[in-house]
Amino acid sequence: MKVREVVTYKSYFEDFFKEQTRKVQDKIIKVLDILEQVERVPSTYLKYIEGTNGLFEVRVQLGNNIFRIFCCFDGNKMVVLFSGFQKKTQKTPPGEIARAERIMTEYYNDKSKTNGQHTDTRPTEK
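All values reported here derive from a predicted model rather than from experimental measurement.

Undergrad: Is there a simple way to think about helix α3 (residues 94-113) in this case?
TA: The end-to-end C-alpha separation of α3 is 29 Å, in line with the 28 Å expected for 20 residues at 1.5 Å each. Among the residues of α3, I97, A100, I103, M104 and Y107 are the ones counted as buried. Down the axis of α3, the buried side of the element spans an arc of 125°, and every buried residue falls inside it. Away from its buried face, by an angle of more than 90 degrees, α3 presents the exposed residues P94, R102, S112 and K113. Next to the buried residues of α3 lie α1 (12-18), β4 (65-74) and β5 (78-87).

Undergrad: How do you make sense of the pattern of salt bridges when you look at a structure like this?
TA: Side chains that differ in charge, positive against negative, can pair when their charged atoms come close. Enumeration according to the criterion identifies seven salt bridges in this entry. The shortest N-O distance in the salt bridge between K10 and E106 comes to 2.6 Å. Of this pair, K10 sits in the loop between β1 (5-8) and α1 while E106 sits in helix α3, placing them 96 residues apart in sequence. When its relative accessible area of 45% is taken as the criterion, K10 is described as partly exposed. On the basis of relative accessible area, E106 is assigned to the partly exposed category, the value being 24%. In this structure, R68 engages E57 in a salt bridge whose closest nitrogen and oxygen atoms are separated by 3.4 Å. Of the two residues, R68 is situated in strand β4 and E57 in strand β3 (residues 56-62); the sequence distance between them amounts to eleven residues. Assigned by exposure class, R68 and E57 land together as buried.

About the cut-offs
- Residues numbered from 1 in each chain as written.
- Predicted model: local features only at pLDDT ≥ 70, side-chain atom pairs only at ≥ 80, totals over all residues.
- Heavy atoms only, no water.
- Helix = DSSP H or I, 4+ residues; strand = E, 2+ residues; numbered from the N terminus.
- Expected span 1.5 Å × (residues − 1).
- Buried < 20%, exposed > 50% of the residue type's maximum accessible area, 1.4 Å probe, protein only.
- Arc of directions from axis to C-beta.
- Contact = heavy atoms within 4.5 Å.
- Salt bridge = Lys/Arg side-chain N within 4 Å of Asp/Glu carboxyl O.

Laid out in C-alpha cells, this is it:
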C-alpha cells in the first residue's frame, strides 16, 4: 500500500534516468518503491540536505556506484523528483545542490501559477 506518491517535475529526472544502465534503472525503481511504501524511510534511502530549505536526496547504491536524486516533499504525501547525478566524491558537489535548489524554486513558482497541478511522469518498468 502506498503511503506517499512519487512524481517528477518536468524532464529533469527523466533525462537522468534514461542515461543509466538497465541495472541502475531497476535499482532506482526499487528505491522509489520503498519511498512510496514505507512510512518512515531509513536514511539509507532518503536524507535531508543540511543548509537547504526542504531539499532531500534519494540515495541509490549499486555496487561501488552511488547515485543521488534530489527531491522535496509537497505536503506530507508527495515526493517531487528533480535532478540526479552519479556521486564520485565524498561530499555532494555544491553545484549539484545549487542546481536542485533552482529547480525546486522553479517547481514552486510553476505550482503557484497552475494552482497546484502536477504531472506524474514516474518511470515505469519496460
